[in-house]
Every structure is written in C-alpha cells, then in structure tokens.
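Spelled out, the chains give:
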Amino acid sequence: MKQLLCALGVSAATYVIVIAAGQETSSVLKTYKPVTASRLLKPADGDWLMVRRTYDGWGYSPLEKINTGNVSRLKPVWMIETGETRVHESASIVNDGVMFVTTPNNQVIALDAKTGAVLWRYKRPRPPGALVPHDTNRGVALFGGKVFFGAGEAVVVALDAQTGKEIWTAAVADNKSGYYISLAPLVANGRLMVGTSGGEYGVRGFVAALDPETGKEIWRTFTIPGPGEPGHETWPAGDAWKHGGAPIWVTGNYDPATNLAYWGTGNGGPWMGDQRPGDNLYTTSVIALDVTTGALKGHFQYHQNDAWDWDEVSPPILVDYRRNGRTVKGLIDVARNGYLWFLERSSGPIKFVEGKPYVYQDVFKSLDAKTGRPDVDLTRKPGTGKSATYCPDAHGGKNWPPIAYSPKTRMIYIPATNNLCGQTIGVPVEYAPGRNFGGVSGFGASMAPGADHFGEVQAWNVDTGMLAWKHNFAKSPNWGSILATGGGLVISGGTSDRKLHAFDAATGKLLWESEAMNSGAIAPPSTFLVDGQQYIAVQTGWGGDVTGTQAALNRLVPGDYPPVPTGGAVYVFAVE
C-alpha cells in the first residue's frame with residue numbers, strides 16, 4: 001500500500017501523521033450505502049449522517065468505545081490539509097466509512113474515513129464578482145446516492161456520492177443582492193431545505209424547500225411577513241420589511257412526530273432598531289415550518305427590535321424535560337443575547353417556559369413570566385447617533401457553534417464566551433442592492449466587572465434548569481462546537497491554544513487535551529465507527545468572526561491573545 005508521510009510542526013512538538021491511499025479508495029465507494037429516509041430517522045450508532053447526527057440537534061453519539069477510562073490514550077491517526085486558509089466550520093459527515101467535508105471557496109472532499117485517502121475532490125468555480133462576505137461552509141446533507149451542499153453564491157448543488165460529479169444545480173437567490181449560503185442543507189420528509197446568509201445586506205430572509213431529485217423549488221417561506229400576513233403589523237409603514245434581514249444561516253432541526261422543522265433567524269436590517277420601529281417579526285426568533293407545505297405554524301421571538309446584532313440563528317434542540325412535576329415537550333436554545341431559553345413545542349405554537357442568563361448580561365432587566373418578553377434597559381440599547389455599551393457583545397454569549405445534549409447525564413453543554421461587552425453607535429443608511437446595510441460606525445469592547453476569564457464550557461441540567469458544572473479557559477474565548485458521547489465524554493475545540501479537549505460529561509473534569517493542531521478548531525466534532533473501531537474527527541481552520549473576538553480581547557489585555565495560525569485540515573483521532 002502506497003503511503004504518504006506528512007510531518008507537521010505543532011507547538012513545541014512534531015509528530016508524523018500517516019495518510020493511506022491505494023486499493024481501498026475504489027472499494028469503499030463501490031460499496032457506498034445510499035442514505036434512506038429511515039436511516040436519517042434512526043441512524044446506525046456508527047454513522048454521522050447529518051450535521052448534528054440526529055434530527056433533534058443533540059450532537060450526541062451513543063458510541064462508548066472511547067470513554068472516560070481510555071480517552072487519555074487518544075492519538076491522531078491521520079490528517080489531511082484542505083488547501084484553503086479561510087475559516088473552516090464544516091461538520092465531518094460519515095456514512096459507512098465514507099467521510100464528506102466542505103471548505104471555503106466551494107469545495108467538497110470525500111475521504112476514506114479510516115485512512116484519510118482522498119476519494120474525490122469537487123470544487124465549484126465562483127463567478128467573477130460573487131458577493132460572499134463570510135466565505136465559509138458548514139457541511140453537506142446526504143440523501144439517496146447524492147451529496148448536497150450550498151455554494152457561497154446562493155446555489156444549491158447535488159453531487160453523485162460515488163464520483164463527485166454534478167447531478168444538478170439550483171440558484172435559490174440573487175447573490176448580487178447580498179444573498180449567499182453558508183449553512184448545510186437539511187433533508188426531511190422528501191424535502192431539501194436551505195436558508196441564506198446576508199443579514200447585513202438588506203435581504204429578506206427565507207427557507208426554501210427543493211426536490212432532492214431535480215432541484216425544483218417546492219415552497220418558499222419568508223421570515224419577514226409581507227402585507228396581509230400575520231406579523232406584518234410589527235414593521236413600520238413603507239418598504240422596511242422588504243430589506244429587514246432575519247437571515248437563516250444555521251441548519252434547522254426537525255420533529256418527525258409533527259413534521260415541523262425549527263429554524264433560528266438572524267438580525268434585523270439595518271442594525272439599529274430605531275430605523276425600523278416595532279417588534280420586527282420574525283427577526284431574532286425561532287420559527288416552526290410544516291415541512292410538506294412550508295406553512296408557518298409557530299414562533300417565539302427571543303427579543304424584539306434587535307439593535308445589538310444578536311442573531312438567534314442557532315435552532316433550539318428538541319429535548320423533553322421536567323418542570324413543576326410534568327414532562328414538557330421541550331425546545332432549548334442557548335441564545336446569542338446571553339439567555340438560556342426553555343420553551344415548549346407542539347403541533348404549532350411555541351410557548352415560553354423559562355429564561356435565564358448563562359453569561360453576564362446587563363441589557364434585560366427581567367422577563368415577563370408568561371410570555372418571556374424582555375424588559376430592556378434602554379440605556380444599554382444603541383441607536384442612530386446614540387452610543388451604548390452592552391453585555392454580552394455583538395458576537396454574543398454563544399455564537400453559531402452548537403451546543404450538545406447527553407441523555408445519560410440529562411445535561412446540555414454550552415461553548416460560552418463570558419465577560420466580554422461591546423459598544424456600538426448607529427449611522428443613517430439607505431438600502432442599495434449588494435451594498436452593506438448595517439448602518440454601524442465603529443465597535444468598542446470592554447470587560448464585565450470583575451472579569452478574570454472569557455472562555456467557558458458550561459453544563460446545565462435540563463430538568464432543574466440549573467448550572468451543573470463549568471470549566472473556565474484562562475487565556476481564550478470559546479467558540480468550540482460540542483460533541484457528547486455515550487462514553488461519558490464532552491469534546492470540543494474552540495480555543496486559541498489549537499487543542500481539542502475532552503471532559504467528563506458528569507463532572508466537568510478535564511480528562512485529555514490534544515497536542516496543538518495546525519490551527520484552532522471551531523467546527524463541530526463528530527464520531528464514528530469503521531471496522532469496529534471508534535474515531536473522532538474535527539476540522540481545523542481558525543478565522544472569521546472569532547478573530548474579531550480574539551482581537552478585541554487582545555486590545556483589552558495586550559499580548560495575552562495573539563493571532564492564531566490559520567489553515568484548514570481534517571484531523572481524526574483514535575485510542576492508541
């Protein structure tokens with residue numbers, strides 16, 4: 001078997017990763033197993049078929065061969081560089097030993113999950129002048145014999161899983177007007193669903209459902225209601241609703257029992273709420289859509305008339321929890337606005353149950369006990385020509401990196417950045433297609449009173465609604481997507497030391513850290529089986545918005561938060 005040896009310089013240590021290539025390349029694809037609807041509903045323990053593995057969004061694997069007793073022997077077994085240097089945020093999707101990852105600049109790579117051998121590599125040329133302000137991609141969707149991904153220029157692409165060849169493409173929005181794609185599609189009940197980024201460019205957010213076989217659009221639901229639609233009255237008179245934002249740029253979750261998909265929506269446009277008076281539905285909300293028809297069945301708005309850029313695009317996870325002696329069919333969201341939200345789902349409406357801050361938050365004075373509506377301290381709300389300081393900052397207590405949930409511990413696990421505050425001031429702005437519609441002049445940063453750290457991993461018990469444990473990172477923010485496993489582990493990267501960390505899910509004890517990788521890892525880790533052995537995969541590639549957080553911290557504490565090396569790679573670990 002031909003072998004390629006790749007020596008990597010990492011921190012003070014250097015180790016050799018073996019990447020295998022050869023005869024296995026053809027055989028693993030020849031036996032590729034199509035992804036059926038039933039497999040998506042109940043994936044095999046050894047597969048990781050979608051971004052969070054299961055429709056409920058838990059980010060949990062029942063695999064337990066890697067566990068609290070042996071995780072200290074976890075070692076890298078292969079790595080491969082992607083050839084791209086911008087921020088990497090793709091989950092490693094694994095189907096029966098075949099891994100699929102995406103990168104910036106419209107690239108999809110199929111790999112032998114056991115050896116790292118490249119099976120095929122697809123790269124879509126980007127049209128000249130394409131507008132892709134956040135050039136990243138968060139992964140693929142699998143269905144049948146196809147691989148689906150969203151190209152940055154707002155085009156959905158279907159590829160043959162065995163060859164990487166294009167089967168069809170479908171443009172879902174006008175990229176020249178500021179629409180672009182960064183999320184992984186969601187396949188459920190015969191629909192391929194996508195949303196778009198573009199909240200700073202005056203887009204009107206939407207979810208579109210396509211036919212997986214042809215790419216033909218089946219339905220489209222806008223996240224900002226037009227005239228005559230419920231919620232339109234929460235927008236000012238005129239055309240503000242046409243460019244009001246509410247983008248959808250994180251993959252939704254799905255409830256097969258009700259056929260509802262839950263999607264989180266982003267900020268309003270422009271940023272300053274005083275330029276669009278009203279609650280501005282359905283910005284900074286979760287919406288429930290009927291997957292068959294696209295009908296909007298329910299919503300909950302986390303805060304009204306956003307002026308902080310607190311996108312709430314992370315969809316709530318579906319967890320049934322206990323409250324006041326009864327079981328609640330729950331939705332749980334850890335929001336960018338610094339609050340942890342416990343909601344109740346149904347066949348339609350979404351009800352408020354409980355909300356509480358999980359990081360230092362000085363904007364909400366209280367929540368209405370029945371509706372959850374925040375009472376806002378207006379001195380902490382910026383406006384046009386009005387500067388305000390607020391905590392958390394615009395990047396939020398948690399940004400897009402997903403939480404995880406373990407049914408064994410009944411805990412959720414949060415990658416949090418605490419004690420970092422922001423300052424903004426608005427300026428007048430007029431809409432023009434393809435031009436920034438933010439209307440903000442400058443950003444400031446400060447620390448919360450008494451701050452001695454910023455990055456945290458938090459564990460909260462879903463039945464008590466209380467913090468169970470917390471791990472602080474003394475010298476880093478935390479943007480690490482979380483993986484929970486049946487082996488009693490919580491695994492995440494997200495820190496500027498470029499390490500992957502494993503914690504005891506029950507106690508929070510740090511059990512293992514990798515050596516420093518080539519770059520930081522903010523992408524979601526995944527775990528899978530090949531030939532009976534369990535592996536853990538993660539994509540590295542620091543960059544994007546986390547560099548803004550890192551720069552703000554380095555201004556506050558000069559020298560403690562230097563830049564992190566960039567460069568994309570896929571690392572796979574196993575117990576030695």
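Note: the structure precedes this text.
Residues numbered from 1 in each chain as written. Predicted model: local features only at pLDDT ≥ 70, side-chain atom pairs only at ≥ 80, totals over all residues. Heavy atoms only, no water.

A.B. asks: So what exactly am I meant to see when it comes to the pairing of strand β19 (residues 285-290) here?
C.D. replies: Of all 6 residues in β19, 6 are buried, a share of seventy percent or more. Neither face of β19 is exposed, since S285, I287 and L289 on one face and V286, A288 and D290 on the opposite face are all buried. By the bridge criterion, 5 bridges tie strand β18 (residues 260-264) to β19 in an arrangement that is antiparallel. Paired with A261 across the two strands is L289, which belongs to β19. Counting the residues in the hairpin turn of β19 and strand β20 (residues 296-301) gives 5 residues, including G294, whose phi is positive at 85°. (Buried < 20%, exposed > 50% of the residue type's maximum accessible area, 1.4 Å probe, protein only. Helix = DSSP H or I, 4+ residues; strand = E, 2+ residues; numbered from the N terminus. Pairing = 2+ DSSP bridges.)

A.B. asks: I tried to follow the nonpolar core on my own but got confused; where do I start?
C.D. replies: Generally speaking, soluble globular proteins have nonpolar side chains that are buried together. The biggest cluster of nonpolar side chains holds 96 residues, and the ones touching the most others in it are M99, F100, W120, M193, W263 and F528. Per-element tally for this core: the top contributor is strand β42 (residues 569-575), with 7 residues. Apart from residues no more than four positions distant in its own chain, W120 is found in contact with L29, F100, V108, I109, A110, L159, D160, A161, Q162, T163 and G164. Core analysis: the next-biggest nonpolar cluster, separate from the first, contains 21 residues, L260, Y262, W310 and L331 among them. (Core = buried A, V, L, I, M, F, W, Y, C linked by side-chain atoms within 4.5 Å. Contact = heavy atoms within 4.5 Å.)

A.B. asks: What is the right way to look at the sheet that holds strand β32 (residues 420-426) in this model?
C.D. replies: One open sheet holds the 3 strands; their spatial order is β29-β32-β33, and the pairing between them is antiparallel. Each having just a single partner strand, β29 (388-390) and β33 (440-447) make up the two edges of the open sheet. Taking the axes of each pair of neighbouring strands and ignoring which way they run, one obtains an average angle of 25° across the sheet. The pairing of β29 with β32 spans 3 bridges and is classified as antiparallel. If you follow T389 over to β32, its bridge partner there is Q423. Docked against the sheet, helix α3 (residues 545-556) engages β32 and β33, running at close to 55° with respect to β33. (Axes fitted to C-alpha atoms, helices over the stretch in contact; angles between N-to-C directions.)

A.B. asks: Please explain the state of the cysteines as it appears in this structure.
C.D. replies: Structurally, a disulfide amounts to a covalent bond that connects the sulfur atoms of two cysteines. Under the criterion given, the structure shown has 1 disulfide. A sulfur-sulfur separation of 2.0 Å characterises the disulfide bridge that pairs C391 with C421. Given an S-S torsion of about 100°, the disulfide between C391 and C421 has right-handed geometry. Placement of the pair is C391 in the loop between β29 and β30 (404-406) and C421 in strand β32, with a sequence separation of 30 residues. (Disulfide = S-S within 2.5 Å.)

A.B. asks: Looking at this structure, how should I read the pairing of strand β15 (residues 206-210)?
C.D. replies: Two faces, one strand: in a regular strand the side chains alternate between the faces of the sheet. Summarising burial for β15: 5 of the 5 residues are buried, a large majority. When strand β14 (residues 191-195) meets β15, the two strands line up antiparallel, connected through 4 bridges. Across the sheet, residue L192 finds its bridge partner in β15, namely L210. Two elements, β15 and strand β16 (residues 217-222), share 5 bridges in a ladder whose sense is antiparallel. Its bridge partner lying in β16, L210 is registered against E217. Hairpin connection, β15 to β16: the antiparallel pair is bridged by 6 residues, and G215 has positive phi, about 85°.

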